[in-house]
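# Structure at a glance
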Amino acid sequence: MTALNSYRAGPDERGHFGIFGGRYVAETLMPLILEVERAYTAAKADPSFQKELDYYLEHYVGRPSPLWFAQRLTDELGGAKIYLKRDELNHTGSHKINNTMGQILLARRMGKKRIIAETGAGQHGVATATVCALFGMPCVVYMGATDIERQAPNVFRMKMLGAEVRPVTSGTGTLKDAMNDALRDWVANVTDTYYIIGTVAGPHPYPAMVRDFQSVIGVEARAQILKAEGRLPDKLVACIGGGSNAMGLFHPFLDDRDVAMDAVEAAGLGLDTGKHAASLQGGKPGVLHGNRTFLLMDGDGQITEAHSISAGLDYPGIGPEHAWLHDIKRVNYVAATDEDAVEGFKLLSRTEGILPALEPAHALAHVARIAPKMAKDKIIVMNLCGRGDKDIFALAERLGVKL
Amino acid sequence: MSRLAGTFARLKQEGRAGLVTYVMANDPDAATAQKIVDGLPDAGADVIELGLPFSDPMADGPAIQAAALRALANGGSTKATFELLRNFRKKNTATPVVLMGYYNPIYIYGAERFCKDAAAAGADGLIVVDLPPEEDEELRPYAKAAGLDLVRLATPTTDDKRLPTVLEGASGFLYYVAVLGVTGTKSAAATDVQAAVARIKRHTQLPVAVGFGIKTPEGAAAIAKHADAAVVGSALVQIVADTKTDPVTPMHKLVRELAAAVRGAKQGAAA
Ligand SMILES: Cc1ncc(COP(=O)(O)O)c(C=O)c1O
């Protein structure tokens, strides 16, 4: 990126954000990726596509989601005013459906007949299975065998929605392997199948496309905070798995230089234990799943396993645009441990009557750390990107409660 | 003339197709893999593809995925692969060896250093599965400087419009992936392969090797009728998974059968 008068201009025409991004895929997929790019570019320029998407977002997903001033949480922490962008109120309970709705409309435009997806926590799988049910399309979701175990409620939901959940036992049986198997499926079914990637990763145009679909979060939040406070916030906070909910909130604000942004990676048992999912803070640049980005790996370039209490953050990579925003220091990347997240979960449940998903519970843990140190007239907007219903079993087990 | 060019020129002179065998470095361990690779030329392999183990082989089916994990569990690495190759070159200086793998381990080793060390160890070419022409300028100059051929892949989705992009800067041979799918799953129909090779030959002088899904001597012969070489990988690698004690003997036996079938293919076609 040479012309740096905007942070929002990327990627370049070949999908690069600085040295990150790109299209590192096998030749079989290359023509398909180029086809997706052409189709998405055309759809983006077509007002009827945006109109159709807006219709479904409003009447089916339930947008706009509220921006909630969390008075009791603010009082308890005793510092900055905390607003929560309530994407957990979306149909299916997370931000993931903003993206799956956009992509399935694109798949339909392209005449594709079959949908595949990867999922970690199961939220993206559920959001994909949901839009497939809505449009009557067959859906196959790849999910790591380990994740199937810890996210049983979402597996059941996907099945009820008519999706086939294929357990992935290759590699480490987690999200990265689910993505490998989804890519393998796509290579074998190139003519009729569309792959709905669930985060701002994968080969170009996915990181940019998923960001665009998720940017509805930031666009709404910007208008809502201007209405509520008459000014922009001082800080945005979001959790990072692959980075889609964070990109969605951040992107519309990137050129507002006075708005600081903190993205929270999962520190698992701690950044110094080796058992975490903090690719930016604990990894280095490499190439996986179609793009160059920060990855967790060993000295030989073998990808290592991520660890987090939250299956949705348990990915050894991060979207390439985040890698770039990290490099140019526009966004500040921090971390919260499993234990911090559990505390964040309890805090929000108790003060605001909202059970957050374990993913945004990481963001809450960070808010709880910084808000008390900020003046009372400062404003934080945090992306509450998912609700905690799916996590109650895992949490109960951790808290030693038998359900 | 490079070893690859020399080999394909000789095959042409002999009026036959070649056999390209893919095996994974360090699978199941360094010593056994060494014996496997060392014996491939005598068993009839014309070109050796040596797999660089990677944790996340997206374009490979279950057989090669498992091979990579076995190799990594027993000390497999880029360095160990070079070591295997160096040992092989102490005994054999004739048979071309092409390293085949994914980009991340190469990127982490350092693209320039990788090419230098690979060439010094005795490699003749590279196939990097997830580095399409659009991205490979970060490797190509170093490969060229080290005298390594950069072998490109074409697939049934590579249409006439895209073929020139794939062929630009390709050298050694063109690897035609005959099926839509990962390694070791589907098999290609010989008629489709015949048409595809003819199409590619309209665009390039490079020899065309055809692989993915060739499992038996009969399958290899059918492909060898139409291609400059047939590539067999998963079927060989599977032998390591299937034999508890000594994979070396059955592996070389299958290679001998494949080589006999491939050698007979064109004569069979002419007769
Ligand atoms: C509620 C929720 N938040 C966050 C994530 C992480 O994804 P991303 O970083 O792309 O938003 C997930 C993934 O499953 C999720 O379910």
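Here we summarise the structure given alongside this text. This is a predicted model, so every value here is computed, not measured.

### Here's the deal with the packing of aromatic side chains
Residues and elements named next belong to chain A. Summed over all chains, the structure comprises 17 aromatic pairs over all chains. A ring pair is formed by Phe69 and Tyr83, whose centres lie 5.2 Å apart and whose planes are at 40°; its orientation type is tilted. Pair noted here: Phe69 is in strand S3 (residues 67–69) and Tyr83 is in strand S4 (residues 81–85), with a separation of 14 residues, a long-range link. Residue classification places Phe69 among the partly exposed positions, given a relative accessible area of 22%. The class of Tyr83 is buried, set by a relative accessible area of 5%. The interplanar angle of 75° and the centroid separation of 5.8 Å between the aromatic rings of Trp186 and Tyr195 together place this pair among those described as edge-to-face.

### Some remarks on the packing of helix H2 (residues 47–61) of chain A against helix H4 (residues 96–109) of chain A
Each packed pair of helices is defined by two parameters, the angle between the axes and the distance between the axes. Residues and elements named next belong to chain A. Between H2 and H4, whose axes approach to 10 Å, the crossing angle comes to 135°. As judged from the angle between their axes, H2 and H4 are oblique. Crossing hand, H2 versus H4: right-handed. Touching Phe49, Glu52, Leu53, Tyr56, Leu57, Tyr60 and Val61 of H2 are Ile97, Asn98, Met101, Gly102, Leu105, Leu106 and Arg109, all from H4. Of the residues belonging to the contact of H2 with H4, the class tally is 10 nonpolar, two polar and two charged.

### Quick look at the interface of chain B and chain A
Opposite the 39 residues of chain B that make contact, chain A presents 37 residues. Summed over the three residues of chain B that lose the most area to chain A, namely Asp56(B), Met58(B) and Glu135(B), the buried surface amounts to 21% of that side. Where chain B meets chain A, there are four salt bridges. One salt bridge connects Glu138(B) with Arg292(A), and the closest N-O pair in it is separated by 2.9 Å. Put simply, chain B and chain A have 23 residue pairs in polar contact (both at pLDDT 80 or more) between them. A per-element tally of the side of chain B that touches chain A places helix H5 (residues 103–109) of chain B first, with five residues. Partitioned by chemical class, the residues of the side of chain B that touches chain A number 20 nonpolar, 10 polar and nine charged.

### With respect to a nonpolar patch on the surface
A grouping of Leu355(A), Ile392(A), Phe393(A), Leu399(A), Val401(A) and Leu403(A) is seen on the molecular surface, where their side chains present a nonpolar patch of about 560 Å² in accessible area. Inspection of the secondary structure puts Val401(A) in the segment after helix H16 (392–398).

### Some thoughts on the site of the ligand
Residues and elements named next belong to chain A. Not every one of the 17 residues close to the ligand is listed here, only the nearest: Thr199, Gly241, Gly243, Ser244 and Asn245. At 3.0 Å, a side-chain N or O of Lys96 approaches an oxygen atom of the ligand. Here Gly241 contributes a backbone N or O atom positioned 2.7 Å from an oxygen atom of the ligand. Starting from 390 Å² of accessible surface for the ligand in isolation, the protein chains cover 97%. Those elements giving two or more residues to the shell around the ligand turn out to be strand S9 (235–240) and helix H11 (244–250).

### Things to note about helix H1 (residues 30–44) of chain A
The terminal C-alpha atoms of H1(A) lie 21 Å apart, and with 15 residues this matches the ideal 21 Å at 1.5 Å per residue to within 8%. Among the residues of H1(A), those classed as buried are Met30(A), Pro31(A), Leu32(A), Ile33(A), Leu34(A), Val36(A), Glu37(A), Ala39(A), Tyr40(A) and Ala43(A).

### Topic: the environment of Ala119(B)
Residue and element names in this part refer to chain B. Structurally, the position occupied by Ala119 is in helix H6 (residues 111–121). Ala119 sits in the partly exposed class, given a relative accessible area of 25%. A C-alpha to C-alpha distance of 10.0 Å links Ala119 and Arg86, two positions 33 residues apart in sequence. Apart from the residues within four sequence positions on either side, Ala119 is in contact with Ala146 and Leu148.

### Side note on the pattern of salt bridges
As enumerated under the stated definition, the model contains 46 salt bridges over all chains in all. For Arg350(A), the salt bridge identified is with Glu76(A), shortest N-O distance 3.1 Å. Of this pair, Arg350(A) sits in helix H14 (residues 338–352) while Glu76(A) sits in helix H3 (residues 71–77); the two residues are 274 residues apart in sequence, bridging distant segments of the chain. The exposure class assigned to Arg350(A) is exposed, which follows from its relative accessible area of 51%. Glu76(A) gets classed as partly exposed once you look at its relative accessible area, which sits at 44%. The partner of Glu220(A) in a salt bridge is Lys85(A), with the nearest N and O atoms 2.7 Å apart. Linking Glu220(A) in helix H10 (residues 216–229) with Lys85(A) in strand S4, this pair joins segments that are 135 residues apart in sequence. By the burial criterion, Glu220(A) is buried, and Lys85(A) matches it. Shared partners join several salt bridges into a network, and the residues in it are Arg10(B), Glu14(B), Arg16(B), Asp46(B) and Arg263(B).

### Details of the nonpolar core
Membership of the largest hydrophobic core comes to 127 residues, with the highest contact counts inside it found for Leu106(A), Tyr194(A) and Tyr175(B). Ranked by size, the runner-up nonpolar core spans 73 residues in total, among them Leu19(B), Phe88(B), Ile200(B) and Ala220(B).

### Topic: the layout of surface pockets
All names here are of chain A. The space that makes up the largest pocket amounts to roughly 380 Å³. Elements with a contribution of two residues or more to the lining of the largest pocket: helix H6 (145–150), helix H7 (152–160) and H16. Ranked by residue count, the leading element in the lining of the largest pocket is H16, at four residues. A class-by-class count of the residues in the lining of the largest pocket yields six nonpolar, four polar and five charged.

### Here we look at unusual backbone geometry
Residue and element names in this part refer to chain A. Omega for the peptide link from Gly10 to Pro11 comes to 0°, which places this bond in the cis form. Inspection of the secondary structure assignment puts Pro11 in the segment before strand S1 (16–17). Residue His204 is joined to Pro205 through a cis peptide bond whose omega torsion reads 15°. Take Pro205: it is sitting in the loop between strand S8 (193–196) and helix H9 (206–214). Positive phi is not limited to glycine here, since Lys329 has a value of about 65°. Looking at the secondary structure, you find Lys329 in the loop between helix H13 (320–327) and strand S13 (332–337). According to the relative accessible area criterion, Lys329 is exposed, its value standing at 71%.

### Description of the sheet that holds S8(A)
All names here are of chain A. Taken in spatial order, the four strands of this open sheet run S7-S6-S5-S8, and their pairing is parallel. Each end of this open sheet is capped by a strand with a single partner; those strands are strand S7 (164–168) and S8. On average, adjacent strands in this sheet sit at an angle of 25° to one another, irrespective of strand direction. Looking at chain direction, strand S5 (residues 114–119) and strand S6 (residues 139–144) are connected through five bridges and run parallel. Residue Ile115 lies in a different strand from S6, and its bridge partner there is Cys139. Sitting on the sheet, H4 is in contact with S5 and S8, with an inclination near 165° to S8.

How each quantity is defined
Residues numbered from 1 in each chain as written. Chains lettered and ligands numbered in written order. Predicted model: local features only at pLDDT ≥ 70, side-chain atom pairs only at ≥ 80, totals over all residues. Heavy atoms only, no water. Phe/Tyr/Trp six-rings, centres within 6.5 Å; stacked < 30°, edge-to-face > 60°. Helix = DSSP H or I, 4+ residues; strand = E, 2+ residues; numbered from the N terminus. Buried < 20%, exposed > 50% of the residue type's maximum accessible area, 1.4 Å probe, protein only. Axes fitted to C-alpha atoms, helices over the stretch in contact; angles between N-to-C directions. Parallel < 35°, antiparallel > 145°, perpendicular 65-115°, else oblique. Left-handed = near helix turned anticlockwise from the far one by under 90°. Contact = heavy atoms within 4.5 Å. Nonpolar A, V, L, I, M, F, W, Y, C, P; charged D, E, K, R; others polar. Buried area = accessible area lost by both parts, 1.4 Å probe. Salt bridge = Lys/Arg side-chain N within 4 Å of Asp/Glu carboxyl O. Polar contact = N/O pair within 3.5 Å; in protein donor to acceptor, adjacent residues only side chain to side chain. Patch = residues over 30% accessible without salt bridge, like charges linked within 9 Å, V, L, I, M, F, W, Y side chains within 5 Å. Areas by Shrake-Rupley, 256 points an atom, 1.4 Å probe, with all protein chains shown as cover. Near = heavy atom within 4 Å. Expected span 1.5 Å × (residues − 1). Core = buried A, V, L, I, M, F, W, Y, C linked by side-chain atoms within 4.5 Å. 1 Å grid on protein atoms, 1.4 Å probe; cavity = no way out; pocket = protein on both sides within 12 Å on 5 of 7 lines; lining within 4 Å. Points joined across faces, edges and corners; volume = space filled by probe spheres on them. Pairing = 2+ DSSP bridges.

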